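For reference, the chains in residue letters:
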Amino acid sequence: FPTVPQFRDVTDLDNAPQYIIDAFKSADVCFVGAPCADHSSLNAHRDPLSKQSLLIYEGLAHMQKFNTKVGVYEVVPDFMTLMGGQLAADFCVKASPTHTVVPIKMDARDYGGYQTRLRWYILILRHDLVMSRGPFRLPPNVGGARTLRQVLDPLHIIVLAGVTASRGWVKQVPPPPS
């Protein structure tokens with residue numbers, strides 16, 4: 001999709017073309033993939049207070065600025081307990097003037113998905129929606145989790161020789177021990 005604008009992260013919205021800002025303002029729901037590397041216990045060099053880690057608050061600030069009705073954040077489970085739960089608590093405090101925060105621990109397999117681990121989803125719901133529609137409720141569990149064979153079975157039709165990578169890769173090097 002060569003005509004689709006590419007942004008590094010949510011801070012690029014500050015200098016985005018007006019049509020992007022207008023689209024953001026008109027959206028009822030905004031999904032945010034929070035940067036998880038500095039939130040995950042799998043990262044031995046994580047920094048929960050890094051600029052990248054704190055982008056989750058930037059996303060929230062934009063949703064508040066543009067009066068977004070519903071925000072959906074997918075976060076790694078460690079986000080909820082990192083620094084004694086302080087990052088999650090700070091997120092709730094920052095959201096509270098405009099939005100109600102609803103944390104949900106969910107297994108996508110319960111809803112027909114095939115992701116194999118529990119995830120936390122943080123919903124932010126504008127206060128007027130909660131007042132007019134009541135509290136958020138998860139839909140009923142539909143079960144129907146697919147097996148790995150069902151997910152991977154169609155891969156036999158892909159001609160691997162025709163699959164190419166179009167982006168450069170940068171090897172991440174951990175900082176030297178101090």
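On a predicted model such as this, the values are computed, not experimentally measured, just so you know. (Residues numbered from 1 in each chain as written. Predicted model: local features only at pLDDT ≥ 70, side-chain atom pairs only at ≥ 80, totals over all residues. Heavy atoms only, no water.)

**Q** Report on the environment of Gln64, specifying residues and quantitative values.
**A** Within the fold, Gln64 resides in helix α2 (residues 55-65). You can call Gln64 partly exposed: its relative accessible area is 23%. The sequence separation of Gln64 and Arg126 amounts to 62 residues, and the corresponding C-alpha distance is 8.9 Å. A polar contact is formed between the side chain of Gln64 and the backbone oxygen of Lys94, at a distance of 2.9 Å. (Helix = DSSP H or I, 4+ residues; strand = E, 2+ residues; numbered from the N terminus. Buried < 20%, exposed > 50% of the residue type's maximum accessible area, 1.4 Å probe, protein only. Polar contact = N/O pair within 3.5 Å; in protein donor to acceptor, adjacent residues only side chain to side chain.)

**Q** I'd like to hear about the packing of α2 against helix α3 (residues 78-95), residue by residue, with values.
**A** Between α2 and α3, the least distance of the axes is 10 Å, while the angle of their chain directions is 15°. The angle between the axes of α2 and α3 places the two elements in the roughly parallel class. Judged by the twist between their axes, the crossing of α2 over α3 is right-handed. Seen from α2, the contacting residues are Ile56, Tyr57, Leu60 and Gln64; seen from α3, they are Phe79, Leu87, Asp90, Phe91, Lys94 and Ala95. (Axes fitted to C-alpha atoms, helices over the stretch in contact; angles between N-to-C directions. Parallel < 35°, antiparallel > 145°, perpendicular 65-115°, else oblique. Left-handed = near helix turned anticlockwise from the far one by under 90°. Contact = heavy atoms within 4.5 Å.)

**Q** Report on the packing of aromatic side chains, specifying residues and quantitative values.
**A** Applying the stated rule across the entire model yields two aromatic pairs. Aromatic pair Tyr73 and Phe91: ring centres 5.0 Å apart, planes at 80°, arrangement edge-to-face. Note that Tyr73 is positioned in strand β2 (residues 70-75) and Phe91 in helix α3, a separation of 18 residues in sequence. With respect to burial, Tyr73 and Phe91 carry one shared label: buried. Against the face of Tyr57 rests Lys94, its NZ or CZ located 5.2 Å from the ring centre. (Phe/Tyr/Trp six-rings, centres within 6.5 Å; stacked < 30°, edge-to-face > 60°. Lys NZ or Arg CZ within 6 Å of the ring centre and 35° of its normal.)

**Q** Quick rundown of the sheet that holds strand β3 (residues 99-107)? Include the residues and the values.
**A** The four strands lie next to each other as β1-β2-β4-β3, forming an open sheet whose pairing is mixed. A single partner strand is all that each edge strand has here, and the edge strands are β1 (29-33) and β3. If you compare each strand with its neighbour and ignore which way they point, the axes differ by 20° on average. Sheet topology places β2 next to strand β4 (residues 118-126); six bridges connect them, and they run antiparallel. Looking at the pairing, Val70 lines up with Leu125 of β4. Lying on the sheet, α3 is in contact with β2, β3 and β4; it crosses β4 at an angle near 15°. (Pairing = 2+ DSSP bridges.)

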